[in-house]
Amino acid sequence: MNYSEVLKYIEEKNKLGTVPGISAIKELLFRLGNPEKSVKALHIAGTNGKGSIMAYVESVLILHGFKVGRYISPAIFDFREKWQINREYMSEERCARIMSRIADIVLLMEADGFRSPTTFEIETAAAFLYFAEEGCDYMLIECGMGGREDATNALDAAEVRVLASISYDHMQFLGNTLEEILSEKLGIVRKGEILISYPQIPELRELINKDAADRGYTVIYPDTDGLVVEKSDIDGSIYTYKGNRYEIGIPGEYQILNAITATEVLEALNRKAEDKDRIPTREIIDGLADTLWPARMSVVLREPLFIVDGAHNRDAWTRLSETLKNCFGDKKMLFILGVLADKEYELMLKTLCPMMRKVYTITTENHRALDGKELAALIRGRGIEAEYMEADRDIESAYEKAVKTAIKEYSDEDAAIIACGTLSFAGQIIDSIKAMRYNMILRDELFIKRIKEIKKAEEERIFCKHGMDHLLSVARVATLIANDLGLNIRKDVIYATALLHDIGRWSEYESEMAHSRAGELYAREILIRTCYSKEEMDEILHAIRCHGEDTEEYGSLAWVLYKADKLSRECFNCKAYDECFWDEDRKNTFLKY
């Protein structure tokens, strides 16, 4: 199979649905040579916080120099996101090769009378095989929804088992009480193993302790008495735990509990490790601080404030509500919602509606989606203005309407936009907003000020000017160049670079500072407010700094900017052609883009 055929194969296997039990994956793994036994495993179950806890652990392990595989489900951005090694997705080619091998074995299993493994079982087997082939030092394996009968429970041994927060979710499979759900989750732990558990409520701790005593394993909880919180807001938290001061960037007080649970996981690994593999406290502190986990109270825009969260069950909605109240309870909150029909969405509305000013509803791209029109009607029934977004560009339309409402009806400082409902929807909206975030630059006060100053300084200039017409031409030409050459450069990165590349022209006129250097300084200040990542900022600023010379690597962002900057000039249509100081071979005498 090629990669496209893999996606079709998985789509076909999705029709099998969810089949509890591990007999099929056990057989599949046996025929693959039991790759799950080749790599040290950390195995986590729970309702909420699995991803966050493992993200903290992963960050520290990678910082220490380990090769770390990670298997998550569901993916929210890309199918291959499920299998990562040191945060890099599995390649399409590797995915096709591994899936082809598994598909061949699945056919043999069916011929021998075994049931076909489900999609999740196939993907889990692919994770074990991939991490074993790559020689990972550790693999972090997250249960899908249960524990005892979850495909990941084919792991007969693990360095550490982990239990995240327990709440209500997937009751049709796991039971209708917290006790029943907990029992299923605890099914991942084997006799003689170590279980690191999130603090849990007292009633559940009592049940966990009894199960540990009955089945002969050790359970360790974080020491919440040794926790002192200094600060917790939308930018993250600062706290002291067991005498050490930590700072994390993922918002929400519950994330502090996830982080100290991860700290206990790492300490458990240290107790089992040889001296050379023990992780110093300083690396744990730095690794936790560097942890990113998208769609968990993610701030994707600052002006107006736009937050995306993957909350999709009752406990997560409660935590989201508490965090919103604590961080900006005085703001006017606009919501963009998309939910699944098999979730407790009525309970979600009961939890979140008290803080809603207006809601835009979406029908998510999921076969389990609740019709957004029905969701809007339910919200209006609670006395809140709600609008169903039915257009082809429903997410983009909801984003644009919410932002315009926040700007026109409230000031940027008084409004907050929150998108939530499901993890998959969170991923879709983050991608959509990232693709349009360069629009924030157009509204940035410093950008507007500098553009006005450049326009005034160039009023008498007869040669090429550097206002908005030029900036937009460079953006469009650069995008065309990247598309024509098949370059892997995001459009939103190209547009940000083009819009900002001449922002330093004013300084060149006023102080004779090179405009590329001044532009880098102004652009950095603006980009910090527009939610581009550090890696993206570094690439953009490098391109701005050196865009005046053709010195950069072919196909790089800086190379594309240089080419677009020159090709955007309409020399063939310029009244000052004869007076221009450009050499003839640099002038555009033909239209190329």
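Structure shown above.
All values derive from a computational prediction rather than experimental measurement.

## Describing the pattern of salt bridges
Summed over all chains, the structure comprises 41 salt bridges. A salt bridge links E193 to R161; the nearest nitrogen and oxygen atoms lie 2.7 Å apart. Of this pair, E193 sits in the loop between α7 (178-185) and β7 (194-197) while R161 sits in strand β6 (residues 160-163), placing them 32 residues apart in sequence. The exposure class assigned to E193 is buried, which follows from its relative accessible area of 9%. In this structure, K401 engages E387 in a salt bridge whose closest nitrogen and oxygen atoms are separated by 2.4 Å. With K401 in helix α14 (residues 394-408) and E387 in strand β16 (residues 385-388), this pair connects stretches of sequence that are 14 residues apart. With relative accessibility at 36%, the residue K401 sits in the partly exposed group. Residue classification places E387 among the partly exposed positions, given a relative accessible area of 25%.

## Some thoughts on the nonpolar core
Core analysis: the largest hydrophobic core is formed by 41 residues, its most contacted members being F447, L500, L527, Y532 and I540. Of all the secondary-structure elements, those providing two or more residues to this core are α17 (445-457), α18 (468-485), α19 (491-500), α21 (515-528), α22 (534-545) and α23 (557-567). For Y532, the residues in contact, after removing those within four places along its chain, are R437, Y438, D492, V493, A496, L527, M537 and I540. Grouped together as the second largest cluster of nonpolar side chains are 40 residues, Y9, A103, M139 and A151 included.

## Regarding the state of the cysteines
What is meant by a disulfide is a covalent connection between two cysteines, made through their sulfur atoms. Under the defined criterion, the tally for this structure stands at zero disulfides. Among the cysteines around C136, which has no disulfide bond, C95 carries the closest sulfur, lying 16 Å off. A relative accessible area of 7% means that C136 is categorised as buried. With no disulfide of its own, C143 lies 19 Å from the sulfur of C136, the closest cysteine sulfur.

## Observations concerning a negative patch on the surface
Together, E303, D330, E413, D414 and E445 give the surface a local cluster of negative charge. Following the sequence through the fold, E413 ends up in the loop between α14 and β17 (415-420). The exposed category is assigned to E413, whose relative accessible area is 57%.

## Thoughts on the sheet that holds strand β3 (residues 83-85)
Pairing in this open sheet of eight strands is mixed, and the strands run β4-β3-β2-β5-β1-β6-β7-β8 from one edge to the other. At either margin of the open sheet sits one strand with a lone partner, and together these are β4 (88-89) and β8 (218-220). By the bridge criterion, three bridges tie β6 to β7 in an arrangement that is parallel. Bridge pairing links R161 to L195 in β7.

## So, the packing of aromatic side chains
Counted by the stated rule, this structure contains eight aromatic pairs. With 5.2 Å between their ring centres and 90° between their planes, F66 and Y138 make a pair best called edge-to-face. Separated by 72 residues along the polypeptide, F66 in the loop between α3 (50-64) and β2 (68-71) and Y138 in strand β5 (residues 138-142) bring together distant segments of the chain. Across this residue pair, the class does not change: F66 and Y138 are buried. Ring geometry for Y130 and F131: centres 5.8 Å apart, planes at 40°, overall tilted. Take F131: its relative accessible area is 0%, and that puts it in the buried class. The ring of Y221 is capped by R205, whose NZ or CZ atom sits 3.8 Å from the centre of that ring.

## Details of the packing of α7 against helix α8 (residues 202-215)
The geometry of α7 relative to α8 is characterised by a closest axis approach of 11 Å and an angle of 40° between their N-to-C directions. In terms of axis orientation, α7 runs oblique to α8. α7 and α8 meet at a crossing whose hand is right-handed. Judged by residue contacts, L178, E179 and L182 of α7 engage L204, L207 and I208 from α8. Tallied by class, residues from the contact of α7 with α8 come to five nonpolar, no polar and one charged.

## Details of the sheet that holds β17
One open sheet holds the six strands; their spatial order is β12-β13-β17-β14-β15-β16, and the pairing between them is mixed. Every interior strand has two partners, whereas the edge strands, β12 (298-302) and β16, have only one. The average undirected angle you get between the axes of adjacent strands in this sheet is 20°. Note that β12 and strand β13 (residues 305-308) share four bridges and pair antiparallel. In the strand pairing of β13, S298 is matched with V308.

Rules and cut-offs
Residues numbered from 1 in each chain as written. Predicted model: local features only at pLDDT ≥ 70, side-chain atom pairs only at ≥ 80, totals over all residues. Heavy atoms only, no water. Salt bridge = Lys/Arg side-chain N within 4 Å of Asp/Glu carboxyl O. Helix = DSSP H or I, 4+ residues; strand = E, 2+ residues; numbered from the N terminus. Buried < 20%, exposed > 50% of the residue type's maximum accessible area, 1.4 Å probe, protein only. Core = buried A, V, L, I, M, F, W, Y, C linked by side-chain atoms within 4.5 Å. Contact = heavy atoms within 4.5 Å. Disulfide = S-S within 2.5 Å. Patch = residues over 30% accessible without salt bridge, like charges linked within 9 Å, V, L, I, M, F, W, Y side chains within 5 Å. Areas by Shrake-Rupley, 256 points an atom, 1.4 Å probe, with all protein chains shown as cover. Lys, Arg positive; Asp, Glu negative; His and termini not counted. Charge placed at Lys NZ, Arg CZ, Asp CG, Glu CD. Pairing = 2+ DSSP bridges. Phe/Tyr/Trp six-rings, centres within 6.5 Å; stacked < 30°, edge-to-face > 60°. Lys NZ or Arg CZ within 6 Å of the ring centre and 35° of its normal. Axes fitted to C-alpha atoms, helices over the stretch in contact; angles between N-to-C directions. Parallel < 35°, antiparallel > 145°, perpendicular 65-115°, else oblique. Left-handed = near helix turned anticlockwise from the far one by under 90°. Nonpolar A, V, L, I, M, F, W, Y, C, P; charged D, E, K, R; others polar.

What is shown is where atoms sit, not what they do.
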